[in-house]
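# Coordinates in review
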Amino acid sequence: MTQAVIELKNLEIGYTSNKRKTALLPLLNLCLNKALLVALIGSNGVGKSTLLRTISGLQVPLNGEVFIKGKPAKMLSRAALARLISLVLTDQPDEFYLKTEDVIAAGRYPYSNFWARLTAKDNEVIHQSMEDTGITHLKGRQLIHLSDGERQKVMIAKALAQDTPIILLDEPTAFLDYPSKIELMRLLQQLVHDQQKTILFSSHDLDLVLRSSDRVWLMAKSKGIIDDLPEQLVMDGHINAFFDTSSLSFDTLQGYFKPVSSEKLPLRNRISDPLLSKWVTNALVRKGFEVNKKSDNYSGQISFEAERFVWEFKGEIRYFNALTELLDHLTNKL
């Protein structure tokens, strides 16, 4: 039986104010095994950051215990914890006037001697961390002169340099452009697969979570945490139950949120080319139309013939040379 890397036993997280305890979730009893990429998702204020801080030892639990590799976290020294867990928070760093490589070098402190002198191995790890996060070109630059996304990568490189079996990340993709988000998720997957690291990260990028994570911890005030495969959470309706609103709904077939339309009648897309059909549907949904809904009550249908869009409505047929023309017509007429 695989030993849990992280185990939560009757854990109650929250905060204390004026000697009054406020719990954010019901008691948590969960295990996180080795070599998994696990996403922590939930609404704002549900306690994602609080949970990460509690697991890392930065915040004291209200009740219960956190176990790291079978040992109570509260019994481990700060130095011992620093060799087991690295943590990246969304807080602004304090090292604004340090150079990037010096910030990353701070990740080596659990292995340093009294004089904190870097060894050849330390320098090798620092360089590799910068390569892995794609920031070698930032060497020599002060943190204050970097963009938010670049600073985020520096802090992730610092966590990699700490060389721990467990990495906790609070919104690691928050300040990154979309290609950088994809690159980061691939890096996290690689660390799990190649180096057998256990990574728990919080995120609001649901599409990335569903495509990249081995498991998902779905946090909800009423139920605590639901732990399952991302695909299972979709199929069981948990994603819809927790994230659908009156104006947005998660499309379980397409894998993204789309606006809920209560005014416009559904359209049928009969374009045979898969690529063209996909992006025509995307444009129609963006304009508030239901497309290919399971219903016979269609207000019209769209096809594509001889390099033209064909719109059929109540026996009338119209042709459009561009998608823009078709969208303008439908938006004005329906």
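Now for a quick tour of the structure.

Calculation rules
- Residues numbered from 1 in each chain as written.
- Predicted model: local features only at pLDDT ≥ 70, side-chain atom pairs only at ≥ 80, totals over all residues.
- Heavy atoms only, no water.
- Pairing = 2+ DSSP bridges.
- Helix = DSSP H or I, 4+ residues; strand = E, 2+ residues; numbered from the N terminus.
- Contact = heavy atoms within 4.5 Å.
- Axes fitted to C-alpha atoms, helices over the stretch in contact; angles between N-to-C directions.
- Core = buried A, V, L, I, M, F, W, Y, C linked by side-chain atoms within 4.5 Å.
- Buried < 20%, exposed > 50% of the residue type's maximum accessible area, 1.4 Å probe, protein only.

In spatial order, the strands read E4-E1-E6-E7; together these four strands make up an open sheet with antiparallel pairing. Since the sheet does not close on itself, it has two edges, and those belong to strand E4 (28–33) and strand E7 (71–72), each with one partner. In the sheet, strand E1 (residues 4–12) pairs with E4 via five bridges, with the strands oriented antiparallel. Residue Ala4 lies in a different strand from E4, and its bridge partner there is Asn33. Together, E1, E4 and strand E6 (63–68) form the strand contacts of helix H1 (residues 48–56), whose direction differs from that of E1 by roughly 115°.

With that settled, the discussion passes to the nonpolar core. Core analysis: the largest hydrophobic core is formed by 44 residues, its most contacted members being Ile104, Leu188 and Ile199. Counting residues in each nonpolar core, the second largest holds 30 residues, with Leu28, Leu40, Leu52 and Ile85 among its members.

Reading across the sheet, the six strands line up as E8-E9-E10-E5-E11-E12 and stay open at both edges, with mixed pairing between neighbours. With partners counted over all chains shown, the strands left at the sheet margins are strand E8 (85–88) and strand E12 (224–228), one partner each. Shown here is a sheet whose adjacent strand axes are inclined to one another by a mean of 15°, direction ignored. Examined bridge by bridge, strand E11 (residues 215–220) and E12 share five bridges and lie antiparallel to one another. Counted as the bridge partner of Val216 is Asp228 from E12.

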